[in-house]
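Residue strings, one per chain:
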Amino acid sequence: MPQAIATYTIRVSGILDTRHEIQGDSGPLGVLTIRRNGKGVIVAGRYEPVKGEVLALRRDPGLLRSQFSLWTEGREWLGSSLRWSFIGREIALSTGTKPYRLVPLPGFHAGWRMVAPKTGDMARIQTSIFRRGSRIEVFRRVDFELVLFAYFLGWQLRLESLWPGREVEPEAENLPTTSRA
């Protein structure tokens, strides 16, 4: 496993409408609040950084779970997510430039991996079932907003990540080939 270039710790408070305090290596970064409707379904999130632009996470219309989009307060679209099936545990993240996937961690661990199609693991989100906190390790350069979006999606489905995920194979064009002599 590559060395983490950034690590974030998250403390969670609240029961239904949760508040996630995010801390980086240099101190507090901001607060993510997650809002539920009357039926208990997560409908929106709002990230308020210590300094910078406020982000809005909102549910897109549709029947599938994990169908959300990420927006800045100035109405700039940053990404969206889609879970293609009710049974499958893979979430597709699209940013307009590069597709990512959110898949469960291998082994019996609660958490998710953010995987790029050619380079593999980008980030690892480790959650705890019994503690009210999480840890995010970033292995390659990726926007913090996208990592936050992946955490938001992974928080909703943290119990589904307990069953081991499959190992993600690199794409065929990245596999080394032997030279012919």
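Our structure's up above, just so we're on the same page.
Residues numbered from 1 in each chain as written. Predicted model: local features only at pLDDT ≥ 70, side-chain atom pairs only at ≥ 80, totals over all residues. Heavy atoms only, no water.

Novice: Talk me through the overall build of the protein chain; I want residue IDs and the actual numbers.
Specialist: A count of helical and extended segments in the protein chain gives one helix and twelve strands. When the helices and strands of the protein chain are listed from N to C terminus, the series reads β-β-β-β-β-β-β-β-β-β-β-β-α. Taking all 181 residues of the protein chain together, the buried fraction comes to 42%. Long-range contacts, defined as pairs at least 24 residues apart, comprise 38% of the intrachain contacts of the protein chain with a sequence gap of at least 6. When the accessible surface of the protein chain is split by element, carbon and sulfur atoms take 55% of a total near 10700 Å². (Helix = DSSP H or I, 4+ residues; strand = E, 2+ residues; numbered from the N terminus. Buried < 20%, exposed > 50% of the residue type's maximum accessible area, 1.4 Å probe, protein only. Contact = heavy atoms within 4.5 Å. Areas by Shrake-Rupley, 256 points an atom, 1.4 Å probe, with all protein chains shown as cover.)

Novice: Tell me about unusual backbone geometry, and name the residues and values.
Specialist: Positive phi outside glycine occurs at Arg-75, with the angle close to 70°. Tracing the backbone shows Arg-75 in the loop between strand 6 (68–72) and strand 7 (77–83). For Arg-75, a relative accessible area of 66% puts it in the exposed group.

Novice: Which residues make up the environment of Val-147, and what are the values?
Specialist: Relative to the assigned elements, Val-147 resides in helix 1 (residues 144–156). Considering only alpha carbons, one finds Val-147 and Glu-137, ten residues apart in sequence, at a separation of 9.5 Å.

Remember that the coordinates give geometry; whether it matters functionally is a separate question.
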